[in-house]
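# Survey of secondary and tertiary structure
These are the residues of each chain, in order.
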Amino acid sequence: MIYQRSSELFVETQNYIPGGVNSPVRAFKSVGGTPIFVKEAKGAYLYDEDGRKYIDYINSWGPMLLGHAFQPVVDAVIEKTKKGTSFGTPTEIETEIAKLAVSMVPNIDKIRFVNSGTEACMSAVRLARGFTGREKIIKFRGCYHGHSDSFLIAAGSGLSTFGVPSSPGVTKGTAQDTLLADFNNIDSVKALFEANKNEIACIIIEPVAGNMGCVPPVNNFLQELRELCDANGALLIFDEVMTGFRLAKGGAQELFGIKADIVCFGKVIGGGLPVGAFAARNEIMDYLAPVGPVYQAGTLSGNPLAMAAGLAMLQAINNDVELFNRLEEKTAYLEKGMRDVLTKNNIDFTINRVGSMISVFFDNREIYDFKTAGYGDTQRFKDFFHGLLKEGIYIAPSSYETWFITDALSYEDLDFTIAKVDKITSEF
């Protein structure tokens, strides 16, 4: 058995950890089989407990933009660890990374660091509600903003109906304040504003969706959201936990030329350590305690190890003028190679890509929202996933997750991947 040690560990850990994992998608429920247990990683590669090597297209779900064990990040964390791991007091390095982040991202004056993307999005919505004095929010089907109660809401029966809880433990009262719209459908958003006049505090959106596969915004969708918010006194929140510092130095705001009122960060901003952040212009951020009335706090927020890792990562990104060109070129090369072999093998497929985020759907129709993301052939995806895994290529174990490309990938890695996609799909 090629996954013998991983299988043994998975059996053991289920006695102590629910489902054997600390985040559900890791359990391989969508694709079946036993999850691999990773022992170490370096550059573009993972190494499992059975000693097998994999080309990694998840990259810790996004943070490893420059590869695993990126030396400047490793060195920064080691040196900072020698001076203590947590103080619960202000530190100079928090100012350093805040100053750098504000300089890199358009339309923000201040930033507050937290410990996860979930916490960042949860805090951003609270801030928007406090700033506007309103309670309702709009989110989009298929966009994931963490596991805070307000975000775990499924669709109601119509465009202007309230949401209903989609997870036990989420109260109906919470659900009533979350309104559901369809990604890339501006009319569904307009209907919600019409039905809830002067009640909506904010729209929160992944500007490029990454939790229904990679789904980009179409036409002028983001600009129309900006205009709707302005016309209705609501704030526009960009959840850039995935896209921030990945699609451009200034994230999706820079890439699409759209100004958000509040921006949420995670993943890349922590350099692989648990970090989240949210940022806005002064008048909004000054509503936060201790300056303003909206309370938010965290014992480990601004942790020196996480700040050291994040600062080293952002400095590397900021100083590398060709980084995003290289990422674009590598991901486009992978896309073209896969398109060529999938077409040659007569496979029904759609590939969506924005920058270094890319997804393969096994359906030839356009994928533009949560409903269409479900068109793909799930059994074919399972075969695709396990075929690649056996060949030493690790992609997301769900068709509803994007791939993340790292600059550590070589063109030899990409050619190897394309060849294995050809081999696997020629047998479908």
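Parameters at a glance
Residues numbered from 1 in each chain as written. Predicted model: local features only at pLDDT ≥ 70, side-chain atom pairs only at ≥ 80, totals over all residues. Heavy atoms only, no water. Pairing = 2+ DSSP bridges. Helix = DSSP H or I, 4+ residues; strand = E, 2+ residues; numbered from the N terminus. Axes fitted to C-alpha atoms, helices over the stretch in contact; angles between N-to-C directions. Contact = heavy atoms within 4.5 Å. Salt bridge = Lys/Arg side-chain N within 4 Å of Asp/Glu carboxyl O. Buried < 20%, exposed > 50% of the residue type's maximum accessible area, 1.4 Å probe, protein only. pLDDT = per-residue confidence, 0-100. Expected span 1.5 Å × (residues − 1). Polar contact = N/O pair within 3.5 Å; in protein donor to acceptor, adjacent residues only side chain to side chain. UniProt positions renumbered as here; feature names shortened; annotations may be inferred. Phe/Tyr/Trp six-rings, centres within 6.5 Å; stacked < 30°, edge-to-face > 60°.

## Structural notes on the sheet that holds strand E4 (residues 110–114)
Taken in spatial order, the seven strands line up as E4-E12-E11-E10-E9-E5-E8 in an open sheet, and their pairing is mixed. In this open sheet, the two edge strands, each paired with only one partner strand, are E4 and strand E8 (178–181). When strand polarity is set aside, the average angle formed by the axes of neighbouring strands in this sheet is 20°.

## Considering the environment of glutamate 401
Among the secondary structure elements, glutamate 401 is positioned in the loop between strand E15 (393–394) and strand E16 (403–404). Not counting residues within four places of it along the chain, the set of residues in contact with glutamate 401 comprises Val25, Trp61, Gly210, Asn211, Gly213, Ser359 and Ala396.

## Remarks on the pattern of salt bridges
In the structure shown here, the tally under the stated rule is 21 salt bridges. Ionic pairing is found between arginine 226 and aspartate 230, a salt bridge with its closest N-O pair at 2.8 Å. Of this pair, arginine 226 and aspartate 230 both sit in helix H7 (residues 221–232), four residues apart, which is roughly one turn of that helix. For aspartate 230, a relative accessible area of 53% gives the class exposed. Here the salt bridges share partners, and the residues they tie into one network are Arg226, Asp230, Asp261, Arg281 and Glu283.

## Here's the deal with the confidence of the model for the protein chain
Model confidence for the protein chain is summarised by a mean pLDDT of 94, while 97% of its residues fall at 70 or above. With pLDDT under 50 throughout, residues 154–163 is counted as low confidence; its partners more than four residues away or in other chains account for 29 contacts.

## Let's talk about the sheet that holds strand E2 (residues 45–48)
What the four strands build is an open sheet, ordered E1-E2-E3-E15; its pairing is mixed. The open sheet has two edge strands with one neighbour each: strand E1 (38–42) and E15. As judged from the three bridges shared by E2 and strand E3 (residues 53–56), these two strands associate in the antiparallel manner. Residue pairing in the sheet places tyrosine 47 in a bridge with lysine 53 of E3.

## Concerning helix H10 (residues 304–319)
Helix length check: H10 (16 residues) gives 22 Å between terminal C-alpha atoms against 22 Å at 1.5 Å per residue, within 8%. Burial analysis of H10 places twelve of its 16 residues in the buried class, which makes it a mostly covered element. Where H10 is concerned, the buried positions are Pro304, Leu305, Ala306, Met307, Ala308, Ala309, Gly310, Leu311, Ala312, Met313, Leu314 and Ile317. Looking at the packing, one finds that the buried side of H10 touches helix H2 (71–81), helix H3 (92–104), E4 and helix H11 (323–344).

## Observations regarding the environment of lysine 42
Take lysine 42: it is sitting in strand E1. Residue class for lysine 42 comes out partly exposed when judged on its relative accessible area of 43%. Leave out the neighbours within four places in its chain, and lysine 42 touches Tyr47, His68, Ala69 and Gln71. A polar side-chain atom of lysine 42 sits 3.1 Å from the main-chain carbonyl oxygen of alanine 69.

## Points about the UniProt feature "modified residue: N6-(pyridoxal phosphate)lysine" (unreviewed entry) in the protein chain
The feature "modified residue: N6-(pyridoxal phosphate)lysine" (unreviewed entry), as annotated in UniProt, sits at Lys267 in this numbering. Within the secondary structure, lysine 267 sits in the loop between strand E11 (262–265) and strand E12 (276–280). Taking relative accessible area as the criterion, lysine 267 reaches 24% and is therefore assigned partly exposed. Dropping the residues within four chain positions of it, lysine 267 is found in contact with Trp61, Gly62, Pro63, Val241, Met242, Gly272 and Val275.

## A word on helix H14 (residues 411–425)
Between its first and last C-alpha, H14 extends 21 Å over 15 residues, near the 21 Å set by a 1.5 Å rise per residue. Taken as a whole, H14 has its buried residues at Asp413, Leu414, Thr417, Ile418, Lys420, Val421, Asp422, Ile424 and Thr425. Where the residues of H14 are buried, they touch E2, E3, H11, helix H13 (378–390) and E15.

## Side note on the packing of aromatic side chains
Overall, the coordinates contain 13 aromatic pairs when judged by the stated rule. Note on tyrosine 54 and tyrosine 394: the rings are 6.3 Å apart at their centroids and 65° apart in plane angle, and the pair reads as edge-to-face. Placement of tyrosine 54 in strand E3 and of tyrosine 394 in strand E15 is noted, with a sequence separation of 340 residues between them. Assigned by exposure class, tyrosine 54 and tyrosine 394 land together as buried. Geometrically, the ring pair formed by phenylalanine 362 and phenylalanine 384 is edge-to-face, given 5.1 Å between the ring centres and 75° between the ring planes. With a gap of 22 residues between them, phenylalanine 362 in the loop between strand E14 (357–361) and helix H12 (370–373) and phenylalanine 384 in helix H13 connect regions that are remote in the sequence.

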